[in-house]
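Secondary and tertiary structure notes
Given next are the chains, with one letter for each unit.
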Amino acid sequence: MLIPPLLVVALAGGCSGGDGAESGSGAVARGGSPAPAARPYSFAVTTAAVEPMAPTAPSFPPDVTAAVQASLDGWLGHAIVGPLRSGKPSSGLDAVFTEPALLKISAPGPERAAVLEEGTPLTGDVKQEHANAKLTLLTAPGGEPVLVTAQIDMVHAVKSGSGFVDVVRGGEMVLVPDRGSWRIDSFDIVAKHDTRVK
Amino acid sequence: MTRVVAVAVAVLAVLSVTAAVRGGPAGSSQTALEIHKVDTGAFSPRPGQPVFMLALGLDGGRPGIDGDRSDAIHLIGINPATGEGTMINFPRDTYVAIPGHGRAKLNDAYALGGPGLAANTIEQLTGIDVSFVLATRFAPFVDMVNSAGGVDVDVPIAMNDSFSGANFPQGRVHMGGNEALAFSRNRHITGGDFTRSEHQGLLILSALTKLRAENPGATGAARYLAVLGRYVGITGVTPVELYRLSRLAVTIDPAKVRSVVMPGGIGTAGAQSIVTVGGGAAGLFADMRDDAVLQSH
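Description of the structure in this document. (Residues numbered from 1 in each chain as written. Chains lettered and ligands numbered in written order. Predicted model: local features only at pLDDT ≥ 70, side-chain atom pairs only at ≥ 80, totals over all residues. Heavy atoms only, no water.)

Focus on the side chain of serine 206 of chain B
Residues and elements named next belong to chain B. Going by this rule: Secondary structure elements are taken from DSSP: a helix is a run of H or I of four residues or more, a strand is a run of E of two residues or more, and numbering for both begins at the N terminus. Burial classes: relative accessible area under 20% of the type maximum marks a residue as buried, over 50% as exposed, and values in between as partly exposed (1.4 Å probe, protein chains only). We call two residues in contact when some of their heavy atoms are within 4.5 Å.
Looking at where serine 206 falls in the secondary structure, it is placed in helix H5 (residues 192-213). Here serine 206 falls in the buried class, since its relative accessible area comes to 10%. With residues up to four places along the chain from it excluded, the contact list for serine 206 reads Val151, Asp152 and Val153.

A closer look at the side chain of asparagine 107 of chain B
Residue and element names in this part refer to chain B. Just so we agree on the cut-off: Two N or O atoms form a polar contact when they lie within 3.5 Å of each other; inside protein one atom must be a possible hydrogen donor and the other a possible acceptor, and for residues adjacent in sequence the pair counts only when both atoms belong to side chains.
Here asparagine 107 is to be found in the loop between strand E6 (102-105) and helix H2 (108-126). What makes asparagine 107 buried here is its relative accessible area of 4%. Side chain to side chain, asparagine 107 and aspartate 71 meet in a polar contact 2.9 Å long. The contact partners of asparagine 107, leaving out residues within four places of it in the chain, are Arg69, Ser70, Asp71, Ile73 and Arg92.

Points about the nonpolar core
Applied cut-off: Only buried Ala, Val, Leu, Ile, Met, Phe, Trp, Tyr and Cys residues count toward a nonpolar core, and they belong to the same one when joined by side-chain atoms within 4.5 Å.
By size, the foremost hydrophobic cluster in this structure holds 41 residues, and its most contacted members are Phe43, Leu72, Trp75, Phe97, Val115, Ile152 and Met173 of chain A. Secondary structure elements with two or more residues in this core: strand E2 (44-52), helix H1 (62-86), helix H3 (110-115), strand E3 (126-139), strand E4 (145-160), strand E5 (163-178) and strand E6 (181-197) of chain A. Counting residues per element, this core draws most heavily on H1 of chain A, which supplies 10 residues. Ignoring anything within four residues of it in the chain, the contact list for valine 115 of chain A reads Trp75, Ala79, Ile80, Phe97, Ile105, Arg169, Met173, Phe187 and Ile189 of chain A. Of all hydrophobic cores here, the second largest spans 39 residues; its members include Val146 and Val176 of chain A together with Met87 and Ala226 of chain B.

This is the structure:
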(Lines give C-alpha, C1' and ligand atoms only; values in the text may rest on other atoms or scores of the structure.)
Protein backbone atom coordinates (compact mmCIF):
# COMPACT_ATOMS: atom_id res chain seq x y z
CA MET A 1 0.00 0.00 0.00
CA LEU A 2 1.34 3.38 -0.96
CA ILE A 3 0.96 6.00 1.69
CA PRO A 4 1.97 9.47 0.61
CA PRO A 5 4.43 11.16 2.91
CA LEU A 6 2.69 13.01 5.65
CA LEU A 7 3.70 16.60 5.44
CA VAL A 8 2.31 19.36 7.48
CA VAL A 9 0.94 22.00 5.20
CA ALA A 10 1.48 25.55 6.25
CA LEU A 11 -1.60 27.09 4.75
CA ALA A 12 -1.39 30.80 4.33
CA GLY A 13 -3.11 32.65 7.12
CA GLY A 14 -6.28 34.23 5.90
CA CYS A 15 -7.80 33.96 2.48
CA SER A 16 -8.27 36.42 -0.30
CA GLY A 17 -11.20 37.87 1.53
CA GLY A 18 -8.93 38.95 4.35
CA ASP A 19 -10.64 36.82 6.94
CA GLY A 20 -7.63 36.61 9.16
CA ALA A 21 -7.83 32.84 9.63
CA GLU A 22 -4.55 31.30 10.60
CA SER A 23 -3.16 27.83 10.43
CA GLY A 24 -1.34 26.02 13.13
CA SER A 25 -1.72 23.35 15.71
CA GLY A 26 -1.97 25.50 18.76
CA ALA A 27 -5.41 24.24 19.66
CA VAL A 28 -4.65 20.53 19.72
CA ALA A 29 -5.67 18.65 22.81
CA ARG A 30 -5.69 14.94 23.61
CA GLY A 31 -8.90 13.46 24.94
CA GLY A 32 -11.08 15.23 27.48
CA SER A 33 -12.35 18.73 26.81
CA PRO A 34 -11.21 20.63 23.78
CA ALA A 35 -8.55 23.22 24.36
CA PRO A 36 -9.67 26.77 23.66
CA ALA A 37 -8.84 28.00 20.18
CA ALA A 38 -5.58 29.90 20.27
CA ARG A 39 -6.54 32.21 17.41
CA PRO A 40 -9.81 33.85 16.40
CA TYR A 41 -10.58 31.42 13.59
CA SER A 42 -9.12 28.05 14.36
CA PHE A 43 -10.52 24.68 15.36
CA ALA A 44 -10.13 23.32 18.83
CA VAL A 45 -9.04 19.82 17.91
CA THR A 46 -9.24 16.72 20.09
CA THR A 47 -7.94 13.31 19.14
CA ALA A 48 -10.67 10.90 20.17
CA ALA A 49 -9.55 7.46 19.04
CA VAL A 50 -7.31 5.38 16.83
CA GLU A 51 -9.11 2.55 15.03
CA PRO A 52 -6.51 0.02 13.87
CA MET A 53 -6.91 -2.64 11.18
CA ALA A 54 -4.44 -4.61 13.26
CA PRO A 55 -4.70 -6.14 16.76
CA THR A 56 -2.90 -3.26 18.45
CA ALA A 57 -3.54 0.44 18.13
CA PRO A 58 -0.70 2.88 17.53
CA SER A 59 -0.84 6.33 19.05
CA PHE A 60 -2.31 9.27 17.16
CA PRO A 61 0.72 10.78 15.35
CA PRO A 62 1.11 14.47 16.23
CA ASP A 63 2.13 15.34 12.66
CA VAL A 64 -1.14 13.89 11.35
CA THR A 65 -3.10 15.88 13.91
CA ALA A 66 -1.26 19.04 12.92
CA ALA A 67 -1.77 18.44 9.20
CA VAL A 68 -5.46 17.73 9.67
CA GLN A 69 -5.83 20.86 11.77
CA ALA A 70 -4.08 22.89 9.06
CA SER A 71 -6.58 21.68 6.47
CA LEU A 72 -9.58 22.24 8.71
CA ASP A 73 -8.37 25.72 9.60
CA GLY A 74 -7.76 26.38 5.92
CA TRP A 75 -11.32 25.33 5.17
CA LEU A 76 -12.60 27.56 7.95
CA GLY A 77 -10.70 30.53 6.62
CA HIS A 78 -11.13 30.05 2.88
CA ALA A 79 -14.63 28.63 2.76
CA ILE A 80 -16.46 30.07 5.76
CA VAL A 81 -15.06 33.18 7.41
CA GLY A 82 -13.63 34.86 4.31
CA PRO A 83 -16.80 34.58 2.22
CA LEU A 84 -18.91 35.62 5.20
CA ARG A 85 -17.10 38.91 5.08
CA SER A 86 -16.82 39.35 1.34
CA GLY A 87 -19.78 37.41 -0.04
CA LYS A 88 -17.45 36.29 -2.78
CA PRO A 89 -16.60 32.78 -3.85
CA SER A 90 -13.76 31.22 -1.95
CA SER A 91 -10.28 30.79 -3.24
CA GLY A 92 -7.61 28.36 -2.26
CA LEU A 93 -9.95 25.40 -1.98
CA ASP A 94 -7.61 23.09 -3.87
CA ALA A 95 -5.28 23.23 -0.89
CA VAL A 96 -8.06 21.97 1.35
CA PHE A 97 -10.11 19.48 -0.69
CA THR A 98 -9.11 16.40 -2.68
CA GLU A 99 -9.89 16.35 -6.38
CA PRO A 100 -12.99 14.15 -5.98
CA ALA A 101 -14.30 16.50 -3.31
CA LEU A 102 -13.59 19.55 -5.48
CA LEU A 103 -15.55 17.92 -8.29
CA LYS A 104 -18.43 17.37 -5.92
CA ILE A 105 -18.60 21.02 -4.89
CA SER A 106 -17.72 22.55 -8.24
CA ALA A 107 -21.32 23.33 -9.16
CA PRO A 108 -23.92 25.15 -7.07
CA GLY A 109 -26.04 22.78 -5.04
CA PRO A 110 -26.64 21.43 -1.56
CA GLU A 111 -23.19 19.87 -1.26
CA ARG A 112 -21.41 23.09 -2.13
CA ALA A 113 -23.69 25.04 0.20
CA ALA A 114 -22.91 22.64 3.02
CA VAL A 115 -19.22 23.49 3.06
CA LEU A 116 -18.98 26.91 1.41
CA GLU A 117 -20.36 30.12 2.85
CA GLU A 118 -20.80 32.35 -0.15
CA GLY A 119 -23.29 34.71 -1.64
CA THR A 120 -24.31 35.97 1.77
CA PRO A 121 -22.37 39.18 2.29
CA LEU A 122 -22.60 40.10 5.94
CA THR A 123 -20.90 43.12 7.34
CA GLY A 124 -19.12 43.46 10.60
CA ASP A 125 -16.94 41.17 12.58
CA VAL A 126 -17.23 37.44 12.46
CA LYS A 127 -17.18 36.15 15.98
CA GLN A 128 -16.26 32.55 16.53
CA GLU A 129 -18.55 31.19 19.24
CA HIS A 130 -16.92 27.80 19.01
CA ALA A 131 -15.32 25.49 16.43
CA ASN A 132 -14.62 21.98 17.63
CA ALA A 133 -13.23 19.04 15.71
CA LYS A 134 -13.01 15.57 17.25
CA LEU A 135 -10.67 13.33 15.27
CA THR A 136 -10.69 9.56 14.80
CA LEU A 137 -7.85 7.91 12.94
CA LEU A 138 -8.05 4.70 10.89
CA THR A 139 -4.73 2.91 10.51
CA ALA A 140 -3.81 0.23 7.97
CA PRO A 141 -2.78 -3.30 8.99
CA GLY A 142 0.84 -2.09 8.95
CA GLY A 143 0.01 0.80 11.27
CA GLU A 144 0.11 3.58 8.66
CA PRO A 145 -2.42 6.39 9.11
CA VAL A 146 -4.85 6.18 6.21
CA LEU A 147 -7.95 8.13 7.05
CA VAL A 148 -9.15 10.65 9.63
CA THR A 149 -12.74 11.47 10.42
CA ALA A 150 -13.48 14.83 12.01
CA GLN A 151 -16.70 15.40 13.90
CA ILE A 152 -17.40 19.08 13.36
CA ASP A 153 -19.38 21.40 15.61
CA MET A 154 -19.04 25.13 15.02
CA VAL A 155 -20.92 28.39 15.32
CA HIS A 156 -19.88 31.80 14.03
CA ALA A 157 -21.92 34.89 14.79
CA VAL A 158 -22.11 37.78 12.34
CA LYS A 159 -23.78 41.12 12.96
CA SER A 160 -26.58 41.75 10.51
CA GLY A 161 -28.84 44.79 10.67
CA SER A 162 -30.24 45.08 14.15
CA GLY A 163 -29.37 41.56 15.15
CA PHE A 164 -27.04 38.69 14.59
CA VAL A 165 -26.90 35.67 12.35
CA ASP A 166 -25.51 32.49 13.83
CA VAL A 167 -23.82 30.49 11.10
CA VAL A 168 -24.00 26.92 12.35
CA ARG A 169 -22.34 23.83 10.93
CA GLY A 170 -22.24 20.30 12.23
CA GLY A 171 -21.48 16.85 10.94
CA GLU A 172 -18.52 14.83 9.82
CA MET A 173 -15.63 15.24 7.43
CA VAL A 174 -13.21 12.64 6.13
CA LEU A 175 -9.62 13.58 5.40
CA VAL A 176 -7.10 11.43 3.56
CA PRO A 177 -3.43 11.77 2.62
CA ASP A 178 -3.36 13.64 -0.65
CA ARG A 179 -0.56 15.32 -2.59
CA GLY A 180 1.75 15.43 0.40
CA SER A 181 -0.80 16.68 2.87
CA TRP A 182 -4.16 15.71 4.36
CA ARG A 183 -7.20 17.01 2.54
CA ILE A 184 -10.96 16.80 2.93
CA ASP A 185 -12.18 13.92 0.77
CA SER A 186 -15.84 13.68 1.72
CA PHE A 187 -18.24 15.24 4.16
CA ASP A 188 -21.68 15.00 5.66
CA ILE A 189 -22.23 18.52 6.96
CA VAL A 190 -25.44 20.33 7.79
CA ALA A 191 -25.35 24.14 7.61
CA LYS A 192 -27.91 26.66 8.78
CA HIS A 193 -28.30 30.36 9.51
CA ASP A 194 -30.16 31.26 12.69
CA THR A 195 -31.21 34.88 13.00
CA ARG A 196 -31.47 36.35 16.46
CA VAL A 197 -32.58 39.83 17.37
CA LYS A 198 -30.19 41.79 19.46
CA MET B 1 -17.91 -7.73 16.97
CA THR B 2 -20.32 -4.94 17.56
CA ARG B 3 -23.72 -5.06 15.98
CA VAL B 4 -22.97 -2.45 13.38
CA VAL B 5 -19.81 -4.26 12.40
CA ALA B 6 -21.76 -7.45 12.14
CA VAL B 7 -24.29 -5.72 9.93
CA ALA B 8 -21.51 -4.43 7.73
CA VAL B 9 -19.93 -7.82 7.42
CA ALA B 10 -23.27 -9.43 6.85
CA VAL B 11 -24.33 -7.04 4.13
CA LEU B 12 -21.12 -7.65 2.28
CA ALA B 13 -21.60 -11.34 2.79
CA VAL B 14 -25.19 -11.23 1.66
CA LEU B 15 -23.93 -9.42 -1.41
CA SER B 16 -22.42 -12.73 -2.31
CA VAL B 17 -24.53 -15.32 -0.55
CA THR B 18 -23.94 -18.91 -1.43
CA ALA B 19 -26.97 -20.36 -3.03
CA ALA B 20 -26.21 -24.02 -3.36
CA VAL B 21 -23.84 -26.07 -1.33
CA ARG B 22 -22.17 -28.81 -3.27
CA GLY B 23 -19.27 -29.83 -1.14
CA GLY B 24 -20.56 -29.20 2.32
CA PRO B 25 -19.54 -26.36 4.54
CA ALA B 26 -16.21 -24.74 4.02
CA GLY B 27 -13.56 -25.25 6.65
CA SER B 28 -13.55 -22.84 9.54
CA SER B 29 -10.07 -21.70 8.58
CA GLN B 30 -11.40 -20.12 5.41
CA THR B 31 -11.80 -16.39 5.30
CA ALA B 32 -15.36 -15.34 5.88
CA LEU B 33 -15.30 -12.74 3.18
CA GLU B 34 -12.85 -11.79 0.47
CA ILE B 35 -12.68 -8.42 -1.21
CA HIS B 36 -10.53 -8.24 -4.31
CA LYS B 37 -9.74 -5.28 -6.48
CA VAL B 38 -9.34 -6.53 -10.03
CA ASP B 39 -8.61 -3.39 -11.97
CA THR B 40 -5.78 -0.91 -11.85
CA GLY B 41 -5.76 2.67 -10.66
CA ALA B 42 -7.05 4.23 -7.49
CA PHE B 43 -10.73 3.89 -6.83
CA SER B 44 -12.69 7.03 -6.12
CA PRO B 45 -16.39 7.38 -6.85
CA ARG B 46 -16.94 10.13 -9.41
CA PRO B 47 -20.28 11.57 -10.40
CA GLY B 48 -20.08 10.52 -14.03
CA GLN B 49 -18.31 7.24 -13.49
CA PRO B 50 -20.30 4.14 -12.59
CA VAL B 51 -18.74 1.48 -10.38
CA PHE B 52 -19.17 -2.20 -11.15
CA MET B 53 -18.54 -5.09 -8.80
CA LEU B 54 -19.05 -8.82 -8.93
CA ALA B 55 -20.57 -10.51 -5.90
CA LEU B 56 -19.99 -14.24 -5.62
CA GLY B 57 -21.20 -16.92 -3.26
CA LEU B 58 -18.67 -19.74 -3.15
CA ASP B 59 -19.59 -23.30 -2.40
CA GLY B 60 -16.38 -24.26 -0.61
CA GLY B 61 -15.40 -26.79 -3.26
CA ARG B 62 -14.88 -30.48 -2.65
CA PRO B 63 -11.88 -30.85 -0.36
CA GLY B 64 -8.99 -32.47 -2.20
CA ILE B 65 -10.87 -32.57 -5.48
CA ASP B 66 -11.48 -29.08 -6.76
CA GLY B 67 -11.71 -25.45 -5.79
CA ASP B 68 -14.55 -23.11 -5.02
CA ARG B 69 -17.33 -22.72 -7.50
CA SER B 70 -19.39 -19.57 -7.47
CA ASP B 71 -22.96 -20.65 -7.14
CA ALA B 72 -24.33 -17.17 -6.64
CA ILE B 73 -23.22 -14.66 -9.26
CA HIS B 74 -24.35 -11.05 -9.30
CA LEU B 75 -23.01 -8.10 -11.28
CA ILE B 76 -23.78 -4.90 -9.41
CA GLY B 77 -23.45 -1.45 -10.95
CA ILE B 78 -23.74 1.77 -8.97
CA ASN B 79 -24.13 5.28 -10.34
CA PRO B 80 -22.65 7.67 -7.75
CA ALA B 81 -24.25 10.71 -9.34
CA THR B 82 -27.84 9.54 -9.18
CA GLY B 83 -27.76 7.01 -6.35
CA GLU B 84 -29.27 4.49 -8.74
CA GLY B 85 -28.01 1.06 -9.62
CA THR B 86 -28.59 -2.20 -11.40
CA MET B 87 -27.98 -5.78 -10.38
CA ILE B 88 -27.89 -8.52 -12.98
CA ASN B 89 -28.32 -11.95 -11.47
CA PHE B 90 -26.71 -14.80 -13.40
CA PRO B 91 -27.89 -18.40 -13.16
CA ARG B 92 -24.90 -20.45 -12.06
CA ASP B 93 -25.25 -22.90 -14.97
CA THR B 94 -24.96 -20.18 -17.60
CA TYR B 95 -22.81 -21.67 -20.36
CA VAL B 96 -20.14 -19.20 -21.45
CA ALA B 97 -16.64 -18.86 -22.83
CA ILE B 98 -14.12 -18.78 -19.99
CA PRO B 99 -10.91 -17.06 -21.15
CA GLY B 100 -8.21 -19.68 -21.69
CA HIS B 101 -10.47 -22.59 -20.75
CA GLY B 102 -13.00 -22.94 -23.56
CA ARG B 103 -16.72 -23.12 -22.88
CA ALA B 104 -17.98 -24.13 -19.47
CA LYS B 105 -20.49 -23.19 -16.81
CA LEU B 106 -20.08 -19.70 -15.42
CA ASN B 107 -19.68 -21.03 -11.90
CA ASP B 108 -16.49 -22.86 -12.94
CA ALA B 109 -14.60 -19.63 -13.60
CA TYR B 110 -13.68 -18.97 -9.97
CA ALA B 111 -12.51 -22.56 -9.44
CA LEU B 112 -10.35 -22.35 -12.55
CA GLY B 113 -8.73 -18.98 -11.91
CA GLY B 114 -9.97 -17.25 -8.79
CA PRO B 115 -11.52 -13.78 -8.66
CA GLY B 116 -9.49 -12.47 -11.58
CA LEU B 117 -10.78 -15.08 -14.01
CA ALA B 118 -14.31 -14.81 -12.65
CA ALA B 119 -14.21 -11.07 -13.33
CA ASN B 120 -12.63 -11.55 -16.78
CA THR B 121 -15.33 -14.04 -17.72
CA ILE B 122 -18.09 -11.64 -16.77
CA GLU B 123 -16.31 -8.79 -18.53
CA GLN B 124 -16.03 -10.84 -21.71
CA LEU B 125 -19.67 -11.81 -21.51
CA THR B 126 -21.07 -8.37 -20.74
CA GLY B 127 -18.50 -5.85 -21.98
CA ILE B 128 -18.59 -4.26 -18.52
CA ASP B 129 -15.35 -3.57 -16.63
CA VAL B 130 -15.44 -4.99 -13.11
CA SER B 131 -13.49 -3.14 -10.40
CA PHE B 132 -14.12 -5.30 -7.36
CA VAL B 133 -14.96 -8.91 -6.60
CA LEU B 134 -16.65 -9.72 -3.29
CA ALA B 135 -16.75 -13.37 -2.36
CA THR B 136 -17.97 -15.30 0.64
CA ARG B 137 -18.57 -18.89 1.59
CA PHE B 138 -21.36 -20.88 3.10
CA ALA B 139 -19.89 -21.71 6.48
CA PRO B 140 -19.59 -18.25 8.05
CA PHE B 141 -22.61 -16.85 6.30
CA VAL B 142 -25.16 -18.15 8.76
CA ASP B 143 -23.26 -16.81 11.76
CA MET B 144 -22.72 -13.44 10.17
CA VAL B 145 -26.39 -12.94 9.36
CA ASN B 146 -27.26 -13.99 12.90
CA SER B 147 -24.70 -11.58 14.33
CA ALA B 148 -26.28 -8.80 12.33
CA GLY B 149 -29.63 -9.53 13.92
CA GLY B 150 -31.10 -11.11 10.80
CA VAL B 151 -32.63 -9.47 7.77
CA ASP B 152 -36.21 -8.68 6.72
CA VAL B 153 -37.12 -10.12 3.34
CA ASP B 154 -40.34 -9.65 1.38
CA VAL B 155 -40.85 -13.23 0.24
CA PRO B 156 -42.59 -13.03 -3.16
CA ILE B 157 -44.11 -16.52 -3.14
CA ALA B 158 -44.83 -19.04 -0.41
CA MET B 159 -42.17 -21.76 -0.15
CA ASN B 160 -42.28 -25.25 1.27
CA ASP B 161 -39.13 -27.02 0.13
CA SER B 162 -37.65 -29.90 2.06
CA PHE B 163 -34.40 -29.88 0.08
CA SER B 164 -33.29 -26.40 1.01
CA GLY B 165 -35.36 -26.08 4.17
CA ALA B 166 -37.13 -23.02 2.78
CA ASN B 167 -40.52 -22.82 4.44
CA PHE B 168 -41.88 -19.33 4.26
CA PRO B 169 -45.26 -17.70 3.81
CA GLN B 170 -45.61 -14.99 1.22
CA GLY B 171 -44.88 -11.56 2.66
CA ARG B 172 -42.33 -10.02 4.97
CA VAL B 173 -40.27 -12.55 6.91
CA HIS B 174 -37.52 -11.83 9.41
CA MET B 175 -34.79 -14.32 8.56
CA GLY B 176 -31.87 -15.49 10.59
CA GLY B 177 -28.80 -16.94 8.94
CA ASN B 178 -30.23 -20.41 8.34
CA GLU B 179 -33.45 -19.04 6.93
CA ALA B 180 -31.63 -16.60 4.65
CA LEU B 181 -29.46 -19.40 3.34
CA ALA B 182 -32.45 -21.68 2.76
CA PHE B 183 -34.31 -18.89 0.97
CA SER B 184 -31.38 -18.29 -1.34
CA ARG B 185 -30.81 -21.99 -2.03
CA ASN B 186 -34.33 -22.97 -2.94
CA ARG B 187 -34.67 -23.72 -6.64
CA HIS B 188 -37.66 -26.03 -6.42
CA ILE B 189 -39.92 -23.23 -7.48
CA THR B 190 -41.42 -21.98 -10.69
CA GLY B 191 -38.57 -20.72 -12.82
CA GLY B 192 -36.02 -22.92 -11.05
CA ASP B 193 -32.51 -21.50 -11.19
CA PHE B 194 -33.71 -18.22 -12.71
CA THR B 195 -36.09 -17.54 -9.84
CA ARG B 196 -33.51 -18.61 -7.29
CA SER B 197 -31.08 -16.10 -8.74
CA GLU B 198 -33.77 -13.44 -8.53
CA HIS B 199 -34.34 -14.30 -4.88
CA GLN B 200 -30.65 -13.95 -4.14
CA GLY B 201 -30.84 -10.47 -5.60
CA LEU B 202 -33.80 -9.74 -3.35
CA LEU B 203 -31.78 -10.84 -0.34
CA ILE B 204 -28.94 -8.50 -1.32
CA LEU B 205 -31.30 -5.55 -1.57
CA SER B 206 -32.86 -6.46 1.79
CA ALA B 207 -29.40 -6.42 3.37
CA LEU B 208 -28.64 -3.08 1.74
CA THR B 209 -31.86 -1.70 3.20
CA LYS B 210 -30.71 -2.81 6.62
CA LEU B 211 -27.26 -1.26 6.20
CA ARG B 212 -28.81 2.02 5.11
CA ALA B 213 -31.12 2.05 8.11
CA GLU B 214 -28.18 1.56 10.44
CA ASN B 215 -25.94 4.07 8.68
CA PRO B 216 -23.12 4.50 11.19
CA GLY B 217 -21.76 7.77 9.78
CA ALA B 218 -18.17 8.44 8.81
CA THR B 219 -16.64 7.79 12.21
CA GLY B 220 -18.69 4.64 12.72
CA ALA B 221 -17.67 3.47 9.25
CA ALA B 222 -14.01 3.92 10.14
CA ARG B 223 -14.61 1.90 13.28
CA TYR B 224 -16.20 -1.02 11.46
CA LEU B 225 -13.62 -0.92 8.70
CA ALA B 226 -10.95 -1.38 11.35
CA VAL B 227 -12.72 -4.53 12.49
CA LEU B 228 -13.33 -5.68 8.91
CA GLY B 229 -9.63 -5.31 8.28
CA ARG B 230 -8.93 -7.81 11.01
CA TYR B 231 -11.47 -10.41 9.89
CA VAL B 232 -11.78 -10.06 6.15
CA GLY B 233 -9.39 -11.08 3.40
CA ILE B 234 -8.62 -7.99 1.34
CA THR B 235 -6.57 -8.11 -1.84
CA GLY B 236 -5.44 -5.04 -3.73
CA VAL B 237 -7.88 -2.69 -2.01
CA THR B 238 -6.51 0.15 0.08
CA PRO B 239 -8.33 1.06 3.29
CA VAL B 240 -9.33 4.37 1.74
CA GLU B 241 -10.83 2.60 -1.27
CA LEU B 242 -12.64 0.23 1.06
CA TYR B 243 -13.96 3.18 3.00
CA ARG B 244 -15.16 4.91 -0.17
CA LEU B 245 -16.81 1.71 -1.31
CA SER B 246 -18.64 1.26 1.98
CA ARG B 247 -19.82 4.86 2.04
CA LEU B 248 -20.96 4.57 -1.55
CA ALA B 249 -23.07 1.56 -0.61
CA VAL B 250 -24.81 3.56 2.08
CA THR B 251 -25.74 6.31 -0.39
CA ILE B 252 -27.60 3.89 -2.63
CA ASP B 253 -31.34 3.69 -2.13
CA PRO B 254 -32.34 0.03 -2.61
CA ALA B 255 -35.61 1.26 -4.13
CA LYS B 256 -33.52 2.74 -6.95
CA VAL B 257 -31.69 -0.49 -7.70
CA ARG B 258 -33.18 -2.61 -10.47
CA SER B 259 -32.64 -6.30 -9.96
CA VAL B 260 -32.98 -8.37 -13.12
CA VAL B 261 -32.11 -11.90 -14.06
CA MET B 262 -30.07 -12.43 -17.20
CA PRO B 263 -32.40 -13.56 -20.00
CA GLY B 264 -31.70 -17.14 -20.94
CA GLY B 265 -33.02 -20.55 -21.80
CA ILE B 266 -32.54 -24.15 -20.77
CA GLY B 267 -30.33 -26.47 -22.79
CA THR B 268 -27.74 -29.20 -22.63
CA ALA B 269 -24.03 -29.43 -23.37
CA GLY B 270 -23.01 -33.07 -23.55
CA ALA B 271 -24.53 -34.63 -20.49
CA GLN B 272 -24.76 -31.36 -18.65
CA SER B 273 -27.87 -29.33 -18.08
CA ILE B 274 -27.04 -25.72 -18.83
CA VAL B 275 -28.49 -22.25 -19.12
CA THR B 276 -28.02 -20.56 -22.47
CA VAL B 277 -27.55 -16.82 -22.78
CA GLY B 278 -30.78 -15.40 -24.16
CA GLY B 279 -31.18 -13.10 -27.12
CA GLY B 280 -32.10 -10.14 -24.95
CA ALA B 281 -28.97 -10.40 -22.82
CA ALA B 282 -26.71 -8.34 -25.09
CA GLY B 283 -29.13 -5.42 -25.02
CA LEU B 284 -29.42 -5.65 -21.24
CA PHE B 285 -25.65 -5.57 -20.80
CA ALA B 286 -25.30 -2.62 -23.18
CA ASP B 287 -27.99 -0.71 -21.34
CA MET B 288 -26.20 -1.20 -18.01
CA ARG B 289 -22.72 -0.55 -19.36
CA ASP B 290 -22.78 3.22 -19.86
CA ASP B 291 -24.15 4.46 -16.55
CA ALA B 292 -25.15 1.42 -14.45
CA VAL B 293 -28.79 2.39 -14.90
CA LEU B 294 -31.32 0.58 -17.07
CA GLN B 295 -33.23 2.87 -19.38
CA SER B 296 -34.87 0.40 -21.72
CA HIS B 297 -35.42 -2.65 -19.54
